[in-house]
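A closer look at the structure
Next come the chains, spelled out residue by residue.
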Amino acid sequence: MGGLIGVALAKSGESVTLILRQEALKDYPTELSLESPLGTFSVPVDRAASVARPYDVLWVAVKATQLESALRSVAVDPSQLGAVVPLLNGMDHVSVLRARFGHDRVVPASIGVEAERAAPGKIIHRGMAIRLTFASIGEDRLASTAEEFRKFGFACQFVPDEMKVLWTKLSFLAPFALTTTAGGLTIGEVNRDPVWRKRLEAVVREVAAVGTASGTPLDPSTIIPFYDKTPQEGRSSMQKDVAAGKPPELDGIAGPILRHAEEHGIEVPVTRELVGLIQRGSTSAKAAER
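Let us look at the structure shown here.

Procedures and definitions
Residues numbered from 1 in each chain as written. Predicted model: local features only at pLDDT ≥ 70, side-chain atom pairs only at ≥ 80, totals over all residues. Heavy atoms only, no water. Helix = DSSP H or I, 4+ residues; strand = E, 2+ residues; numbered from the N terminus. Expected span 1.5 Å × (residues − 1). Bend = angle between axes of the 7 residues up to and from the residue. Pairing = 2+ DSSP bridges. Axes fitted to C-alpha atoms, helices over the stretch in contact; angles between N-to-C directions. Contact = heavy atoms within 4.5 Å. Core = buried A, V, L, I, M, F, W, Y, C linked by side-chain atoms within 4.5 Å. Buried < 20%, exposed > 50% of the residue type's maximum accessible area, 1.4 Å probe, protein only. Parallel < 35°, antiparallel > 145°, perpendicular 65-115°, else oblique. Nonpolar A, V, L, I, M, F, W, Y, C, P; charged D, E, K, R; others polar.

**Here's the deal with helix 5 (residues 139–152)**
The end-to-end C-alpha distance of helix 5 is 19 Å, a good match for the 20 Å that 14 residues give at a rise of 1.5 Å each. Of all the bends found along helix 5, the most pronounced is centred on T145 and spans about 30°. Positioned one or two residues after helix 5, G153 has a phi angle of 130°, which is positive.

This is the structure we're talking about:
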């Protein structure tokens with residue numbers, strides 16, 4: 001996600017600096033390249049191992065499992081940052097960032113897209129449209145940036161209710177991520193398998209119930225059709241992490257659902273079942289069901 005944001009902003013003429021791990025810095029290219037239905041090109045970017053000078057916007061686009069270590073690279077005083085925009089999955093990261101940078105400086109946001117880093121500096125964006133949503137708390141500071149994204153081809157909007165931003169993304173992402181990862185399947189394979197499709201829809205209903213009880217009304221009937229329209233070969237980032245032997249973002253994605261469900265006394269058995277399968281490293285659940 002960071003590479004995609006960076007390449008879009010650099011292409012629009014903005015000055016972009018990638019903050020990289022120290023060990024990755026020396027081998028990272030001085031250009032970002034993109035392969036996308038929106039265009040194929042390369043753009044120059046700066047690179048650094050820490051945030052050591054003022055920036056208009058600090059985009060936080062790491063995995064939830066990497067947030068703590070990433071924050072250690074921010075050496076500048078928070079007052080020297082215009083806005084901090086996290087694009088992490090889940091919602092617990094917002095309070096962590098606000099404790100560090102201040103409430104009003106942090107602008108909750110979400111991005112919906114299938115993209116991956118094929119190699120250092122090389123970003124591949126699949127055919128799915130890019131949807132970028134910001135909480136309205138950041139509209140004054142990010143309006144011109146959002147317009148640059150729109151010119152690039154993103155669909156951008158500002159939403160007054162920041163919890164709606166976070167719960168809406170989670171309501172689409174969690175069922176997708178949990179079923180594809182637990183089953184080792186593409187979303188198309190989930191849709192075509194009656195057992196896995198039933199699980200997918202059950203998680204949608206569970207997340208919707210929890211979100212609604214938490215103050216953000218969610219309608220399963222508006223969520224379920226999304227999985228028929230998304231590219232059927234799509235795989236979740238969690239699934240790709242597990243396949244690569246990396247720790248999955250289970251707490252970031254499923255954690256808020258489980259914790260809020262317990263708080264409101266809501267049963268979420270299918271969500272818990274899939275979390276258990278993933279925790280056990282099971283990608284053979286499809287075969288076991290049959």
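**Quick word on the sheet that holds strand 2 (residues 31–36)**
The sheet built from four strands is open, its strands ordered 3-2-9-8 with mixed pairing. Of all strands in the sheet, those with a lone pairing partner are strand 3 (39–44) and strand 8 (115–119), marking the two edges. Taken pair by pair, the neighbouring strands of this sheet meet at an average axis angle of 20°, ignoring direction. This element, helix 1 (residues 2–11), spans strand 2, strand 3, strand 8 and strand 9 (122–125) of the sheet and lies at about 80° to strand 3.

**Some points on the nonpolar core**
In terms of nonpolar packing, the biggest core is built from 41 residues, with L178, Y227 and L274 touching the most fellow members. If you tally residues by element for this core, the top one is helix 6 (residues 162–183), at nine residues. Beyond its immediate stretch of four places on either side in the chain, L274 contacts L178, T179, A182, W196, R199 and V203.

**A closer look at the packing of helix 1 against helix 5**
Axis angle and axis distance: for two packed helices, these are the angle between their axes and the distance between the axes, and together they describe the pair. Put simply, helix 1 and helix 5 touch, their axes get as near as 9 Å, and they point 90° apart. Taken together, helix 1 and helix 5 sit at an angle that is classed as roughly perpendicular. Note on element contacts: helix 5 touches helix 1 through T145, F149 and F152, opposite I5, A8, L9 and K11. Among the residues making up the contact of helix 1 with helix 5, the classes are represented as five nonpolar, one polar and one charged.

**Some thoughts on the sheet that holds strand 7 (residues 109–112)**
Spatially, the three strands line up as an open sheet ordered 7-10-11, and their pairing is mixed. Both edges of this open sheet fall to strand 7 and strand 11 (155–159), since each of them pairs with a single strand only. The sheet shows a mean angle of 15° between the axes of neighbouring strands, direction not considered. Taken together, the four bridges between strand 7 and strand 10 (residues 131–135) define a ladder with antiparallel strand orientation. When the bridges of strand 10 are listed, G112 appears paired with R131. The sheet contacts of helix 6 involve strand 7, strand 10 and strand 11, and relative to strand 7 the element is tilted by about 30°.

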